[in-house]
Amino acid sequence: MNFKNTATVGYGLLLLALVVAPVLGAYPVFVMKLMCFALFASAFNLLLGYTGMLSFGHAAFLGGAAYFTGHALKVWAVTPEVGLLLGTAGGALLGLIVGFFAIRRQGIYSTMITLALAQMLYFVCLQAPFTGGEDGLQGVPRGKLFGLIDLRDDLVMYYVVLAICVGAFLLIVRTIHSPFGQVLKGIKENEPRAISLGYDTNKFKLLAFVLSAALAGLAGSLKTLVLGFATLSDVHWTASGHVVLMTLVGGLGTLSGPLVGSAVVVLMENKLGELGTFLAKVTTIDWFNTLGESVTMVTGLIFVICVLAFRRGIMGEIIAWLARRRGAKAR
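Residues numbered from 1 in each chain as written. Predicted model: local features only at pLDDT ≥ 70, side-chain atom pairs only at ≥ 80, totals over all residues. Heavy atoms only, no water.

1. Thoughts on the pattern of salt bridges
Our working rule: Here, a salt bridge means any side-chain nitrogen of Lys or Arg that lies within 4 Å of a carboxyl oxygen of Asp or Glu. Helix and strand assignments follow DSSP, with helices taken as H or I runs no shorter than four residues and strands as E runs no shorter than two, numbered in order from the N terminus. Three labels apply to residues, based on accessible area from a 1.4 Å probe with only protein chains included: buried if under 20% of the type maximum, exposed if over 50%, partly exposed otherwise in between.
With the rule as written, the count across this model stands at five salt bridges. For the salt bridge of Lys 223 with Asp 234, the shortest nitrogen-to-oxygen distance reads 2.6 Å. With Lys 223 in helix α9 (residues 201–227) and Asp 234 in the loop between α9 and α10 (237–250), the pair connects residues that are eleven residues apart, well separated along the chain. For Asp 234, a relative accessible area of 5% translates into the label buried.

2. Describing the nonpolar core
The nonpolar side chains of a soluble globular protein tend to be buried, and buried together. Stated precisely, the cut-off is as follows: Among the buried residues, those of types Ala, Val, Leu, Ile, Met, Phe, Trp, Tyr and Cys that are joined through side-chain atoms within 4.5 Å form a nonpolar core.
Within the largest apolar cluster, 79 residues are counted, with the highest numbers of intra-cluster contacts made by Met 32, Met 35, Phe 61, Val 161 and Leu 222. The leading source of residues in this core is helix α2 (residues 28–51), at 18 residues.

3. Let's talk about the side chain of Ser 262
Cut-off, in case you're wondering: Two N or O atoms count as a polar contact when they lie within 3.5 Å, although within protein this holds only if one can serve as hydrogen donor and the other as acceptor, and sequence-adjacent residues are included solely when both atoms are side-chain atoms. Residues count as neighbours in contact if any of their non-hydrogen atoms are within 4.5 Å of one another.
Secondary-structure assignment places Ser 262 in helix α11 (residues 257–283). For Ser 262, the side chain forms a polar contact with the main-chain oxygen of Pro 258, separated by 2.9 Å. What Ser 262 contacts, discounting residues up to four positions off in sequence, is Phe 37, Ala 38, Ala 41 and Met 246.

4. Comments concerning the side chain of Thr 175
In this fold, Thr 175 is placed in helix α6 (residues 154–176). Overall, Thr 175 belongs to the buried group, its relative accessible area being 9%. Residues in contact with Thr 175, not counting those within four places in the same chain, are Leu 46, Phe 180, Gly 181 and Leu 211.

5. What about a nonpolar patch on the surface?
The criterion, for reference: Patches here are clusters of residues that have more than 30% relative accessible area and form no salt bridge, with a 9 Å joining cutoff for like charges and a 5 Å cutoff for nonpolar side chains (Val, Leu, Ile, Met, Phe, Trp, Tyr). All accessible-area figures derive from a Shrake-Rupley calculation using a 1.4 Å probe, and residue coverage is judged against the displayed protein chains alone.
A contiguous nonpolar surface patch, about 560 Å² in accessible area, is contributed by Leu 15, Val 19, Val 23, Leu 24, Leu 155 and Tyr 159. Elements with a minimum of two residues in the nonpolar patch: α1 (3–20) and α6. You can see Leu 15 is positioned in helix α1. With relative accessibility at 37%, the residue Leu 15 sits in the partly exposed group.

6. Notes on the layout of surface pockets
Using the following cut-off: A pocket here means an open set of points on a 1 Å grid, computed over the protein atoms alone, that has protein on both sides within 12 Å along at least five of seven lines. A cavity is instead a set of points where a 1.4 Å probe fits but cannot get out; residues with an atom within 4 Å of a point line either one. Grid points are joined across faces, edges and corners, and a volume is the space filled by probe spheres set on the points. Each residue gets one of three labels, nonpolar for Ala, Val, Leu, Ile, Met, Phe, Trp, Tyr, Cys and Pro, charged for Asp, Glu, Lys and Arg, and polar for the others, Gly among them.
Put simply, the largest pocket is a space of about 1,200 Å³. The wall of the largest pocket is formed by 41 residues, among which Tyr 11, Phe 169, Leu 255, Ser 256 and Leu 259 lie closest to the centre. Those elements that provide at least two residues to the lining of the largest pocket are α1, α2, α6, α7 (179–189), α11 and α13 (313–330). A class-by-class count of the residues in the lining of the largest pocket yields 27 nonpolar, ten polar and four charged. Approximately 360 Å³ is the volume attributed to the second largest pocket. Looking at the second largest pocket, it is lined by 15 residues, and the ones nearest its centre are Trp 237, Thr 238, Gly 241, His 242 and Thr 299. Top element by residues in the lining of the second largest pocket is α10. It accounts for seven residues. Classifying every residue of the lining of the second largest pocket gives seven nonpolar, seven polar and one charged.

Keep in mind that these numbers describe shape and distance, not what the molecule does.
Spelled out as structure tokens, the structure:
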């Protein structure tokens, strides 16, 4: 079985697991949250992993779209599909604005522009009266999709989120394997050569920025619809740091890496306390009971281990190992 077939089987098994997860007792809201962050990480990976542009401001697109959708659903009383479209469009618009300035600089200067503009949006969300300030935007209704499908049922909402996330992931896959995606890879590998071949690299980078921001906005919109609120944590710089961590831990420049990385980070943040309690019972060491309060420390430790031990990330190392095995068999 070649690598392409192996990947197809792996994605098929993952989809099957997600389809049956609620039946097997998984908490639908938690799995939906995980899928939203997986989409967020995949959108970020499209920009960094395949275009080579590091953004420290991706929280602006996630959180900005979350507020757009929440306000539209709660105040304007639009239907969920309109709210999602408005949030995605809002993310794309923010991406256009941030990308317009970011592509005009290279390296760390471009990255700092994205961070600065994202922080400006954070303070807007903190001060603006319609965002709820420090309390956030609470009580966002789910409503009925197309006026027919009642999203107040968690199980119904789950399969709607699953369908949207799968569709968005397929869009990313199609983009990467399209001629447009090949140009993005060329820009990442050798931008001067891409320019010499006649490509307007700024145009391609801006398009990639807008697409990545739109997909991140879709993730933020879905998150607001699922949880019923949008808060400052969605637009804070730490959310940008989390998505960088998810992508690097899972495997930069791989399709499956952000999915694995987001699962690792989200599960760790939500289940670390339970793991600490279990270890405390098994080892009778009381310190493990405080493990849930040390999420940041454990996250940093995982990042350090990732950088030192497997720089390609989890899926990057697995893919490299499979490639070595195929090479050995071919000889």
